[in-house]
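# Tertiary structure, described
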Amino acid sequence: MQLTINGQSHQVEIEPDTPLLWVLRDTLGLTGTKYGCGLAQCGACTVLIDGQATRACVTPIESVAGTEIVTIEAITGDAEGRRVVEAWVDHQVPQCGYCQSGQVMAATALLKQTPQPTEEDIAAAMINLCRCGTYNAIASAVRQAAKV
Amino acid sequence: MKRLGLFVAVVAVVGAGSAWFAIYVPRSPFDGEARPAPGPLERGEYVARLSDCVACHTTERGKPFAGGLAMGTPLGAIYTTNITPDKQTGIGNYTLADFDNAVRRGVRADGARLYPAMPHPSYAKMSDDDIRALYDYVMNHVQPVSQPNRPADIAWPLNMRWPLAFWNAAFTEPGTYQAKMAGDDLWNRGAYLVQGPGHCGSCHTPRGLAIQEVALDERDPRYLSGALLDGWYAPSLRNDHNTGLGRWTEDDIVTYLKDGRNQHGVVFGSMMEAFNNSTQYMSDTDLKGIARYLKSLPGDRTRDGEPWQYQPVAAAAPRSAGQAIYASQCATCHGADGRGRAEWIAPLAGASSLLAPDPASAINITLNGAGRVVADGVTDAYRMPSLRSKLSDQQIAEVLTYVRATWGNHAAPVTEQAVKALRAHTDPASPDPIILQMR
Amino acid sequence: MNDMSPIKASQNSDRETGLLNLSRRRFLGVSAGALVLGVALPSGAGRALAQAAAPAIEAGTRVNAYIEIRPDSSVLFRSAFIEGGQGIFTAMAQIVGEELDVDPARFVVEAAPPGPDYLLIGGFRFTGGSMSVRMSYEKMRKLGASARLMVLQAAAARMNVPVSELTTEPGRVLHAASGRALSYGELAQQAAALAVPADAPLRAKSDFRWIGKPLARLDVRDKSTGKAQYAIDLRVDGMLHAAVQHARHLGAEPQAITNEAQVLAMPGVHSVHRLPGAVGVVADSWWRARRAAESLQVTWTAAAQGTKGAMPEDYSTERHRDGLKAMTGDGLEAEVSGDATKALAGAKTVIEATYDAPHLAHAQLEPPSALARWNEDGTLELWAPNQAPEMFQAAAAKVAGIDPSKVIIHSPLLGGFFGRHFLYASANPFPQAILLSKAVGKPIKLVWSREEEFLRDALRPMAVARFRAGLDEKGMPVALSAVAVGEGATGRWFGRQPDKVDSSAVEGIVEKLYAIPNRRVGHIHVDDPAVIGFWRSVGHSMNDFFYETFFDEMADAGKQDPYELRHRLLSESPRQQTLLEAVADLSGGWRRGPYQADDGTRRARGVAMASPFGSEVATIAEVSLRGEEAVVHQVWVAVDPGSIVNPAIVEAQINSAVAIGLSIALMEEVVYEEGVPRARNYDGYPILPPDRMPKVHVRIIESGAPMGGIGEPGVPGVPPAVVNALAVLTGKRVRSLPLSRASLTGSI
């Protein structure tokens, strides 16, 4: 199976129902994308598929052949991604940090689709869980990143 | 706990009648036949798989066929029985004729009538050969287990079984399946499996006032036309475009029953149990027969409504509450386009459970998530989570109303009351794979 | 790992209570100077430590064990404490950098290996109890100052001038007279060879540039770009992956596997293993291992009668709660003042109420994992999330059957901990990883799926408290009797003495500062059938809810405003009274409500005080109802930890504490039925989602009192503040958490 991840082409031979998450983490060694629940509950595994925030733990690899997959490892190669990361640093968002790859990817996807998000847009897009409760910092950082 | 309809109605069919009729032991073709010598395990085990005996006669972590599964009825729970060959607590003393009477006629060796939770009106169609093989399997290959049967929680006088004899007389058809000239061998094999051991009608055929299945074969257009049972709406298995198998090919049906999934959907609810324990074990030929037979059942455009066709969501559509919930809770798996992900995650666009008039299945799986599909010994990669603690009744009603009215789906809205009612008497699906052991 | 006997009390247990004093406020007052903790370590660890401690190394003094100045003058610092989001690495850099005179931003901090140099918590080492900064602050300053002096001495030798003529600026030594300068990096090697000076001068507090300032955290950029590595992310050459399926009931053992051959034939599967209380699969990727492990059809033996710690197959949390509530009697005396019995008898009004709180899961987002590798030299290398490296080292040695000195422990970043990564027999995956690695002869990375984690997490104990209060004719409380029922985590893991009260079971009910003249607090011990553990703010996480909510019941019964009554009863406790005023001020002045907000919602406020982990906290929550759901709009927290190192981190920790405190108030509970937890993932065990996060306002007060903790103290005040506000809106008292179980209709 041919996959395009962070602009690079990869050939993987694996069961077609394998979640993208584990191809990223175990087959390709891209461990920035995190395993949290495996059930699309937490969002720690969020990646971009054709620019859309997608939870890699519930994404069968067969369904993403031919798409453009972007993970946190390539985030600073993306204009919106860079803005988001800088906002994350400015607002000192992460605590334990485990969910933050997914949070950054979700914010990046939001800004790609909605460059000027309303508060409702932010609330609708930023739904990943954070056990450390960095939610207020996340919302502030997204607001900053949205200001060009 | 499984629920089986309204036994209360059973009482209604009780008229005056002779006590003899109510307790007599019917004749069996095997009367007087000596206990046969043990046959090959595989033969009888296969019939047991076709008939899915294990689904009711084995509990999640109980011994094979020792019974004890609670089945809810409005009158109180009844418990399935020990059908192991244990002589004291099981059916070790049953002759082949006794066994036959229980399976095909719903009559115990002592003459008492079985509750129609036992699908004997379907099993009545099973062939003598299959009954003999099943008897061999149960008597010679199942390990005896000493486990006393648990009496039903139904109080007197409703616990009296003799009225059931009249129920049997009214609602069962005597005689085994007889091949029909109109169909080829494959069709006839399929018809036999569907009507007889497979007892598909138990869930998929509507029931009448006395909870009898309103039809037992294809002569009646209501046969397998979809029914509500146990909090799940078992969809039509006829060629209904929207709510049935109209858009499925024979191969789609075979794949579904063999792998538990195809591009139209994934088994869930009661069908997941039927798949885990029964259909996946059927031979390819038998599955083809089932598919051939089901595809021969005409749909009913009047009942089924305007044929579904995929319609993309208009980009400028105003965002409803249901759409917002869908975007946050559902879209990551089922897709913003409702098309699911290949065969692994079910599409919602065009799904029969979402086009069905009754939203029970959609509500149930949203509240409680899906149990685990175990195909060929391997546990599924993806399962539907339970949303009951995340979404309120109103939110579930909103999101299901959206899903049932989007991508060309055109089913009625879901009410908050319907969600509330189902929430009250269902529990989340077990996240553990449940394998009912037959050995 | 099925050895579920509690860690034996060692010879160290003769202190004070014999218990690990993780949290009591009294702690600092009694024993800060002596750094004495009545901590009881496993005998194995005790031995290992004793061996290690043989050369009489004084922890926290040997500069080279902590500080490595690199050629570019940056500093590699080995922290005795593990970073799990609380910001300890940054705090260490600030404290040490301040005295060393190196910008904290130039620090690279990593967790130190096991060793006597790092036993900073009363001769032991763990990251928890909100102790890291307060227990090491002076030592780390001294360490930084000593290191600076060594650099100065090296420079003096190099420049051939007396030390007294030298000064430093960040990363450089200057000789003003000659205008010469040397970077720290140039001097590092020479400095490291010097003896640690005994009397390095400390910087005056007034000259602090970094301590007390909201410095940026060191790990934020890596954590925002996916570069931070947690245990679950690690990989070594030749490594295989493993997953397990645990027995549903702890104590059961695997018997038959009916489909082993079929599972062995699954793609990528290397081998199937029987482990104590579990079966494991080794494969070439975790996903393949996990699917195979989940697909194993295993029959389990029932736990043998009397197996210690075995989960009863009929365990039901609901029944256990009923059992706790049904316990009668006054229990062991935990605290007494005056004569509560007599005062109650003579009181004008007596009120009573029984409260309960459920089991909680840690639900940290990183599932537990462990990577084990046996090296050719006979050592075992272990990467495992942990809050106590030496304890894990000793336990790993026991599992591996080797000497602790042969176990090399790495302590990666923690993807959240909240008490999850202490040594709890049966709740840590590393013993399985060790056994699997030994069995297959290759390095093994074992990850517990989220479902296995919810099955084996060590839970916050379930607890009940019964209160009786007596009020005089003016409505003032004159007597309070409280009986806490349940089991404390400290007693479970560090040995319980039947005649002594486990402080972790009563903290938050004892040592309250309200001037109620007659008080008695008792404790009735009841074994908790679950594996229990430390959960963020430990006993305070439920006991402050019990006490502070009952306090409002007393206020209502006496027709007093709950804020005013607190204020009045704290008149002899100026530190707390000031704090209460501060939180009221922060919230724009105390108003209980109900009142209508600008958005049309009907809101009310509740207040609560807590004194956890050496800090003082006052909390106000603003709540409204939406249907049956409590909506918390804002939370104001005033916190007095005495003095602080980084206000930005303090504020972040308070935000975090509010989130988790609100989460347990609103929705968290572990429910067992038939000995099995009903929820095995976040769908059944919801944690606070973003749309329920309130605005949080923090005011930090540095009273100058001895330094207190920060990671946990923000938690306990949140549930009572929320529930007290709700009572104003509904006219009903909720005495059982979480609120999702309560009916919140019927407003007055």
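Residues numbered from 1 in each chain as written. Chains lettered and ligands numbered in written order. Predicted model: local features only at pLDDT ≥ 70, side-chain atom pairs only at ≥ 80, totals over all residues.

Turning our eyes to something else, we now look at the overall build of chain B. When helices and strands are tallied, chain B shows 19 helices and nine strands. By principal-axis analysis of the C-alpha atoms, chain B measures approximately 75 × 50 × 40 Å. By residue count, 52% of the 439 residues in chain B fall in the buried class. Sequence separation of at least 24 residues holds for 70% of the intrachain contacts in chain B that already meet a minimum separation of 6. (Helix = DSSP H or I, 4+ residues; strand = E, 2+ residues; numbered from the N terminus. Buried ≥ 20, exposed ≤ 12 C-beta atoms within 10 Å, placed from the backbone. Contact = placed C-beta atoms within 7 Å.)

Here we come to the overall build of chain A. The helix and strand tally for chain A stands at five helices and five strands. Here the C-alpha radius of gyration of chain A, 15 Å, is about what a compact globule of 148 residues would show, namely 15 Å. Dimensions of chain A along its principal axes, counting C-alpha atoms only, are 40 × 30 × 25 Å. For chain A, the proportion of its 148 residues judged to be buried stands at 64%. Contacts in chain A between residues far apart in sequence, at least 24 positions, make up 62% of those at least 6 positions apart. (Rg over C-alpha atoms; globule rule 2.2 N^0.38 Å.)

Here we come to the domain arrangement of chain A. Residue and element names in this part refer to chain A. The domain architecture assigned to chain A consists of domain 1 (2-73) and domain 2 (76-146). Placing a centre on the C-alpha atoms of domain 1 and another on those of domain 2 gives a separation of 20 Å. Each side of the interface is counted separately: domain 1 has 16 residues, and domain 2 has 14 residues. The biggest single contributor to the side of domain 1 that touches domain 2 is strand 3 (residues 46-49), with three residues. Its residues assigned to classes, the side of domain 1 that touches domain 2 comprises eight nonpolar, seven polar and one charged. (Domains from an automatic or database assignment. Nonpolar A, V, L, I, M, F, W, Y, C, P; charged D, E, K, R; others polar.)

Turning our attention to the environment of P738(C). Residue and element names in this part refer to chain C. Examined against the element boundaries, P738 turns out to sit in the segment after helix 21 (718-730). Here the alpha-carbon distance between P738 and I700, two residues 38 residues apart in the chain, equals 29 Å. Ignoring sequence-local partners within four residues, the contact set of P738 consists of P358, I664, A665, L666, M667, E668 and E669.

Contacts between chain A and chain C engage 44 residues on the former and 50 residues on the latter. Listed by contribution, the elements that provide at least two residues to the side of chain A that touches chain C are helix 1 (20-27), helix 2 (79-90), helix 3 (100-113) and helix 5 (135-146) of chain A.

Right, let's get into the packing of helix 9 (residues 185-195) of chain B against helix 13 (residues 284-295) of chain B. Residue and element names in this part refer to chain B. At a closest axis distance of 7 Å, the pairing of helix 9 and helix 13 adopts a crossing angle of 90°. Viewed along their axes, helix 9 and helix 13 adopt a mutual orientation that is roughly perpendicular. Residues L186, W187, R189, G190, A191, L193 and V194 of helix 9 lie in contact with helix 13, whose contacting residues are D286, K288, G289, I290, A291, R292, Y293 and L294. (Axes fitted to C-alpha atoms, helices over the stretch in contact; angles between N-to-C directions. Parallel < 35°, antiparallel > 145°, perpendicular 65-115°, else oblique.)

The next subject is helix 18 (residues 393-403) of chain B. All names here are of chain B. Taken across its eleven residues, helix 18 has nine buried, putting it largely inside the fold. Taken residue by residue, helix 18 has D393, I396, A397, E398, V399, L400, T401, Y402 and V403 as its buried positions. On the buried face of helix 18, the contacting elements are helix 15 (321-334), helix 16 (352-355), helix 17 (360-368) and helix 19 (416-424).

Residue and element names in this part refer to chain C. In the segment running from G593 into P594, the intervening peptide bond is cis, with an omega of 5°. By the secondary structure assignment, P594 is in the loop between helix 19 (574-586) and strand 21 (595-596). Residue P738 follows L737 across a cis peptide bond; omega there is 0°. Phi is positive for S130, which is not a glycine, with a value near 50°.

So, about the sheet that holds strand 4 (residues 166-169) of chain C. Residues and elements named next belong to chain C. Across the sheet, three strands lie side by side as 4-5-6; this open sheet has antiparallel pairing. Here the strands that pair on one side only, and so sit at the sheet edges, are strand 4 and strand 6 (180-183). Going from strand to strand, the sheet's axes swing by 25° on average, the running direction of each strand aside. Bridge analysis of strand 5 (residues 172-175) against strand 6 gives four bridges, and the strand direction is antiparallel. What sits directly across from L174, in strand 6, is A181. (Pairing = 2+ DSSP bridges.)

Glancing now at the interface of chain A and chain B. Interfaces are often sized by the accessible area lost when the parts come together. Of the residues lining the interface, 14 residues belong to chain A; the matching set on chain B comes to twelve residues. Split by residue class, the side of chain A that touches chain B holds seven nonpolar, four polar and three charged.

Before going further, it helps to examine the domain arrangement of chain B. Parsing chain B into structural domains produces domain 1 (2-171), domain 2 (185-304) and domain 3 (321-424). One C-alpha centre belongs to domain 1 of chain B, the other to domain 3 of chain B, and the line joining them spans 36 Å.

Moving on, we come to the pairing of strand 23 (residues 616-626) of chain C. All names here are of chain C. Most of strand 23 is tucked away: nine of the eleven residues are buried. Note: strand 22 (residues 602-610) against strand 23, eight bridges, orientation antiparallel. Bridge assignment links R603 to a residue of strand 23, and that residue is S624. The hairpin turn running from strand 22 into strand 23, its antiparallel successor, is five residues long, and F613 in that turn takes a positive phi close to 55°. Where strand 23 lies against strand 24 (residues 629-640), eleven bridges are found, and the strand directions are antiparallel. For T619, the partnering residue across the bridge sits in strand 24 and is V637. Count of turn residues in the strand 23/strand 24 antiparallel hairpin: two residues, of which G627 carries a positive phi of about 65°.

The nonpolar side chains of a soluble globular protein tend to be buried, and buried together. Membership of the largest hydrophobic core comes to 402 residues, with the highest contact counts inside it found for A242(C), A396(C), A465(C), V637(C) and V722(C). With residues up to four places along the chain from it excluded, the contact list for A242(C) reads G280(C), V281(C), V282(C), A289(C), A433(C), L436(C), I444(C), K445(C) and L446(C). (Core = buried A, V, L, I, M, F, W, Y, C linked by C-beta atoms within 7 Å.)

Within the sequence span of helix 8 (residues 163-171) of chain B, burial applies to L164(B), A165(B), W167(B) and N168(B). Buried positions in helix 8 of chain B, seen along its axis, are confined to an arc of 160° and lie on one side of it. (Arc of directions from axis to C-beta.)

Strand-to-strand pairing in sheets goes through backbone hydrogen bonds, with the strands running parallel or antiparallel. Residue and element names in this part refer to chain C. In space, the five strands of this open sheet follow the order 12-20-19-18-13, with mixed pairing throughout. Two strands in the sheet have a free side with no partner beyond their single neighbour: strand 12 (332-337) and strand 13 (349-357). The sheet shows a mean angle of 10° between the axes of neighbouring strands, direction not considered. Examined bridge by bridge, strand 18 (residues 463-471) and strand 19 (residues 477-486) share nine bridges and lie antiparallel to one another. In the sheet register, R468 faces strand 19, and the bridge partner there is S481. Across the sheet, helix 10 (residues 317-326) lies against strand 13, strand 18 and strand 19, angled at about 155° from strand 13, the strand it touches most. Contacting strand 13, strand 18 and strand 19, helix 17 (residues 540-557) runs over the sheet at an angle of about 155° to strand 13.

Residue and element names in this part refer to chain C. By the secondary structure assignment, A463 is in strand 18. In this structure the C-alpha to C-alpha distance between A463 and N543, which are 80 residues apart in sequence, comes to 8.3 Å. Those residues within four positions of A463 in sequence are excluded, and the remaining contacts are D356, A357, A484, V485, G486 and M542.

The subject of this paragraph is the pairing of strand 2 (residues 8-11) of chain A. Moving residue by residue along a regular strand, the side chains alternate between the two faces of the sheet. Residues and elements named next belong to chain A. Where strand 1 (residues 2-5) lies against strand 2, four bridges are found, and the strand directions are antiparallel. When the bridges of strand 2 are listed, Q2 appears paired with Q11. Where strand 1 folds back on strand 2, the antiparallel hairpin that results is connected by two residues, among which N6 adopts a positive phi of roughly 50°.

Residues and elements named next belong to chain B. With 95% of its residues at a pLDDT of 70 or more, chain B has an overall mean of 91. Of the regions scoring below 50 in pLDDT, residues 1-17 engages in 47 contacts with residues more than four places distant in sequence or in other chains. Listed scores for the predicted complex are pTM 0.93 and ipTM 0.98. (pLDDT = per-residue confidence, 0-100.)

Another point: the packing of helix 2 of chain A against helix 5 of chain A. All names here are of chain A. The N-to-C vectors of helix 2 and helix 5 enclose an angle of 135°; their axes lie 8 Å apart at closest approach. Here helix 2 is positioned oblique relative to helix 5, judged by the angle of their axes. Considering the relative orientation of helix 2 and helix 5, their crossing is right-handed. Along the contact surface, helix 2 presents R83, V84, A87, W88 and D90, while helix 5 presents A141, Q144 and A145. (Left-handed = near helix turned anticlockwise from the far one by under 90°.)

In this section: the environment of P431(C). Within the fold, P431(C) resides in helix 13 (residues 430-440). Spatially, the C-alpha atom of P431(C) lies 16 Å from that of A458(C), the residues being 27 residues apart in sequence.

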